[in-house]
Amino acid sequence: MKTIVITLPEFYAGEAEAIVRQLDLGADRVHIRKPGASAAEMSALLSAIPRDYRSRLSLHDCTCLAAEAGVGGVHLNSRNPHTPAGWTGLVSRSCHSLEELADAEADYCFLSPIFDSISKPGYRSAFTPEALREADLSRAYALGGVSGGRLAEVEALGFAGAAMLGAAWSPVNLKHFRLQFITHDNGRVGTAEGARLALDGGCRWVQLRMKGAGADEILRAADQIRPLCRAAGATFILDDHVELVRRAGADGVHVGKNDMPVAEARRLLGPGFIIGATANTAADIRAAHAAGADYIGLGPFRFTTTKERLSPVLGTEGYRRILADCRREGITLPVVAIGGITAADIPAIMATGVSGIAVSGTILNSDNPIKTTETICKILS
């Protein structure tokens, strides 16, 4: 499945390097979309991108610069409806209906919104799966709400590829991130049922963790949990098994300190997938940040029976010290606290500066998992 990454609308320091990184990680093209940009601003950005990469770029704005800069494509929209004079490179267009797509004169088109948008709140899906399956999508890239976890859906609908904006640059939904539920079969509540109860209680981030299970068992559980997460609009993460992420339809993966390295996981998954990493020290966070992790699971807060080979317990002082060290170094990755956390611990833990908490037994072992999840969500709100 081909993937296109669209830039954020604002210019920022280090953007040229970020664009090159997206291409190195597997994006087929990067579309540079900068509404209101001046020719000088666009020229400065393009000149900072090595010429060898520019054939894999398309401009949405200042398209007159494309040929001279060696850019390979231009994208037509309401701001720039015509190709530059003498243009011989790729041409793409934005389309918002199947009729518009059918009539478009272009090498390929963006059709949107396919799913509810990640980067534009309130921008809802405009197409039914039935209508899309009946349409000719051989030149269409799905746009709107597309994340790594939905690439299999996009491919099954018949699209030529997928275009990503929010998921490629800001994959972690911080509102979802505040409470993460990690699956665990406690003998009373099964893996998929536990996920359902947490989602019913308001949790919007589920990590499927099945240590010791085989691929078939994990995928069967994923097939049960993924639709629950999609129906709730929740983030779905797979623990450890990078090789199963695409097959599971997960939004990303969480790798432990003894699992696949973050850099290798990113190389295999490419853009659009969330990658989280376990850490116990500031040095761990520093290394994960340098390798391209999107978030950190920092712990353990205290001893927990749901995890083997436990690292040294941190407590609130440990969190405060490690986060202060990271802030001094300019590392601002979202951090979720994990390890034996109860509802009573949450205010003190959140006061250390973490972005969220992850729990398993606190929810599953309670008399009423839904009510317990609701209580935790209320504390975090």
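Starting from 1, residues in each chain are numbered consecutively following that chain's sequence as written. Confidence filtering applies because this is a predicted model: local features only for residues at pLDDT of at least 70, side-chain atom pairs given and counted only at 80 or more, and all residues used for totals across whole chains, interfaces and linings. As a convention, hydrogens and water are excluded, and side-chain values are obtained from all of the structure's heavy atoms.

Caption draft 1: Inspection of the pattern of salt bridges at higher detail. Any carboxyl oxygen of Asp or Glu that lies within 4 Å of a side-chain nitrogen of Lys or Arg is treated as forming a salt bridge with it. This model, assessed by the stated rule, comprises 18 salt bridges. Notably, a salt bridge pairs Asp-284 with Lys-257, separated by 3.0 Å at the nearest N-O pair. On the criterion of sequence distance, the pair formed by Asp-284 in helix H14 (residues 282-291) and Lys-257 in the loop between strand E12 (252-255) and helix H13 (262-269) is long-range, its members being 27 residues apart. Using a relative accessible area of 44% as the deciding quantity, one classes Lys-257 as partly exposed. The closest approach of N and O atoms between Arg-286 and Glu-329, which form a salt bridge, is 2.8 Å. Remark: Glu-329 occurs in the loop between helix H15 (315-328) and strand E15 (335-338) and Arg-286 occurs in helix H14; sequence separation between them is 43 residues. Overall, Glu-329 belongs to the partly exposed group, its relative accessible area being 41%. Helical segments are the DSSP runs of H or I of at least four residues, strand segments are the runs of E of at least two, and each set is numbered from the N terminus. Here's how the labels work: a residue is buried when its accessible area is under 20% of the maximum for its type, exposed when over 50%, partly exposed in between, all with a 1.4 Å probe on protein chains only.

Caption draft 2: Region of interest: helix H10 (residues 191-200). By the criterion of burial, H10 is predominantly enclosed, with seven of the ten residues buried. Gly-202 occupies a position one or two residues after H10 and carries a positive phi of about 110°.

Caption draft 3: Representation of the packing of aromatic side chains. Here is the rule: rings of Phe, Tyr and Trp (six-membered ring for Trp) pair when centre to centre is within 6.5 Å. Planes less than 30 degrees apart are stacked, more than 60 are edge-to-face, and the remainder are tilted. Applying the stated criterion across every chain yields a total of six aromatic pairs. Seen in terms of ring centroids, Phe-177 and Tyr-295 are 5.3 Å apart; in terms of plane orientation they differ by 75°. Their pairing is edge-to-face. Residue Phe-177 is found in helix H9 (residues 174-177), and its partner Tyr-295 is found in strand E14 (residues 295-298); the two are separated by 118 residues along the sequence. Given the relative accessible area of 0%, Phe-177 is considered buried. On the basis of relative accessibility, which here comes to 0%, the residue Tyr-295 falls in the buried class. Judged by centre distance (5.4 Å) and plane angle (85°), the ring pair of Trp-205 and Tyr-295 falls under edge-to-face. A residue pair is termed long-range when its members are at least 10 positions apart, and Trp-205 in strand E10 (residues 205-208) and Tyr-295 in strand E14 qualify at 90 residues.

So far we have only geometry, and geometry alone does not tell us how the molecule works.
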